[in-house]
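# An overview of the molecular structure
The chain contents come next:
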Amino acid sequence: MPPRPVRRAPPSPPRHPAAPVAAPRAAALLAAALLVAVRPLGGARAQPPSHGSTPAPTAARIAAEPRLELAAIVFRLGGAREFANTQYAPYDSALRAHFAPFAEHEAVALARDLHDRRGITFSRVMSLAIALDSLPTLALRVAPDSVFPGRVPGAEIARFAAALGRFARDARADAFFAAQRGRLDSAAARLARPVQEADAFGWLARFFGTGADRTFVVAPLLANSQGNFGVCVTPDGGGAGGTDVAGGTDRPGPRALECWQILGHQRTDAAGHVTWGEQTIETLVHEIAHGYANPLGDAHGAALDPVVERVRQAYAAPLAAQAYTSARSVLNESLVRATVARFFAERGTPARLAEYLADQQGLGWRWLPELSERLAEYERARAADPTRYPTLAAFMPRVVAYYDSLPPRLAALERRYDAGRPHVVWTSLPAPAGGDTVVLPASVREIAVRFDRPVRPHRFAVVPPFVDGRPTSARVPPPPVTGVTLDAAGTTARLAVALEPGRTYAFQLNTPHGFGFRTADGVPLAPYPVRLRVAP
């Protein structure tokens, strides 16, 4: 059997917690909004009414929304690192050229203050954006003190909204988005296909046992690649406005919950258009689920926050690297991720489910297979007797009981996980001459690594060193690695390298998020750092 190539690439960004918001409506969109009727995932059976006869929504709007873009831009100008990365170079270049002269604007200063002093980060920025009307007015659609109650005084929200409106006028944001309309339209149209394939909206409504009590908007985010956000709001008045393919008009509606799934992009195609890859369905289900799971977590937070805090502290480092730093965010996120597991259990394959759960454990959610199984108990009981647990809310006492049982078992859970890890037992590198740095001649063209058990290739096997959960190569770069292969037994990896005389390099096998070399069961190698100095 020939050696198997192993993919090397920067690691995927972590997901970010969704934040609750107050009530806006989705206003008229610059780019066309698509009304998408969802259908079952290709090749999978249609969803039976196994979760009762609850009516479910069957449509979602796909909307490229300039106010989301503008919020990301203003917070980026204010120094928010979480909005400082985009893979869409033509759009990013146009964005920088147009808005950079306004970096000292009052709106930017207020955004910086909200970010640094009030914790308006990640999805809270998107929450703030949809609490506003669309361009050009950007007027608040909710009471300002209801946007972030207990976190940001209403006066500060009102002041920011007014300043953002001035920023939009001063920077001629409408002209920028008009010039970018083709890119925004293309992004919305290309996102429509995976939304159609997922049939996630109906499945989740049935799973949680809710009625058709909400509308859905799926929005691509071009101003930033690294982030996906799920937020739900209840408009003060009117429903989700926008353009649909049937009427082409702004359409008011009744007061209803409005859930936004805002998806960052990861790549562009050869023609320079944004595309969404194989992870889109997982991301979409994840972000929609926030709109259902967060209210459940919030409703049971008083009982669960103290015990979940003990769980969070046990895995503080990996969870903090993903921006989960509170008990409530960990609780809500774990409910969401367990829900995605149940989606794959029904709509995917056993291998897909196993891989998803392995990914989650590697990210630090070690207990997720157990929580997923607890939700499977809910599904089985509901199928046997729909009146016993008509909704997941009715089952939540069983989830509370599970979390109450978890902290005393965390140490044993971690020991079992570590026992399944592969370990490096030999490398072709010489012993360090001193400290932790290995000295090599420039003639070396290959570094071999042997593991104590078979591993399989997985993404991000060879990466720069990580600090606080992020790759860094500014001071000491990784060596040029031109290829990585595994032998037929899966126990020896060979890294083809091109070393330059006199250089110092640093890299590691595997990310701290669990990506890289892993066993057949999906248990990853712990990050294995290497530091090299090449002889002159």
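Everything quoted here is computed from the prediction, not taken from an experiment.

Across the protein, the average pLDDT comes to 84, with 85% of residues at or above 70. Predicted confidence is poor over residues 17-58, with pLDDT under 50, and the contacts of this stretch with residues over four places away or in other chains come to 167 contacts. Confidence drops under a pLDDT of 50 for residues 238-254, and excluding neighbours within four residues, the segment shows 42 contacts in the predicted structure.

Here we take up empty space enclosed by the protein. Scanning the model with the defined rule gives 1 cavity of 30 Å³ or more in all. Of the volumes computed, that of the largest cavity is approximately 30 Å³. Lining the largest cavity, in full, are Thr-427, Leu-429, Ile-447, Val-449, Leu-495, Phe-507, Leu-509, Tyr-528 and Val-530. Only strand 11 (446-451), strand 17 (504-509) and strand 18 (528-534) provide two or more residues apiece to the lining of the largest cavity. Counted by class, the lining of the largest cavity contains 8 nonpolar, 1 polar and no charged residues.

Counted residue by residue, strand 5 (residues 228-233) has 6 buried out of 6 residues, so it is predominantly covered. Of the two faces of strand 5, both are covered, the one formed by Asn-228, Gly-230 and Cys-232 as well as the one formed by Phe-229, Val-231 and Val-233. Across 6 bridges, strand 5 lies against strand 6 (residues 257-264) in antiparallel orientation. Each residue of the ladder has a partner; that of Val-233, found in strand 6, is Glu-258.

Okay, the sheet that holds strand 12 (residues 462-463) next. Read from one edge of the open sheet, 4 strands run 10-18-17-12, paired in mixed fashion. The open sheet has two free edges, formed respectively by strand 10 (437-440) and strand 12, since each of these has just one partner strand. Of the pairings in the sheet, the one linking strand 12 to strand 17 comprises 2 bridges and is antiparallel in character. Bridging across to strand 17, Val-463 finds its partner in Gln-508.

The rules behind the values
Residues numbered from 1 in each chain as written. Predicted model: local features only at pLDDT ≥ 70, side-chain atom pairs only at ≥ 80, totals over all residues. Heavy atoms only, no water. pLDDT = per-residue confidence, 0-100. Contact = heavy atoms within 4.5 Å. 1 Å grid on protein atoms, 1.4 Å probe; cavity = no way out; pocket = protein on both sides within 12 Å on 5 of 7 lines; lining within 4 Å. Points joined across faces, edges and corners; volume = space filled by probe spheres on them. Helix = DSSP H or I, 4+ residues; strand = E, 2+ residues; numbered from the N terminus. Nonpolar A, V, L, I, M, F, W, Y, C, P; charged D, E, K, R; others polar. Buried < 20%, exposed > 50% of the residue type's maximum accessible area, 1.4 Å probe, protein only. Pairing = 2+ DSSP bridges.

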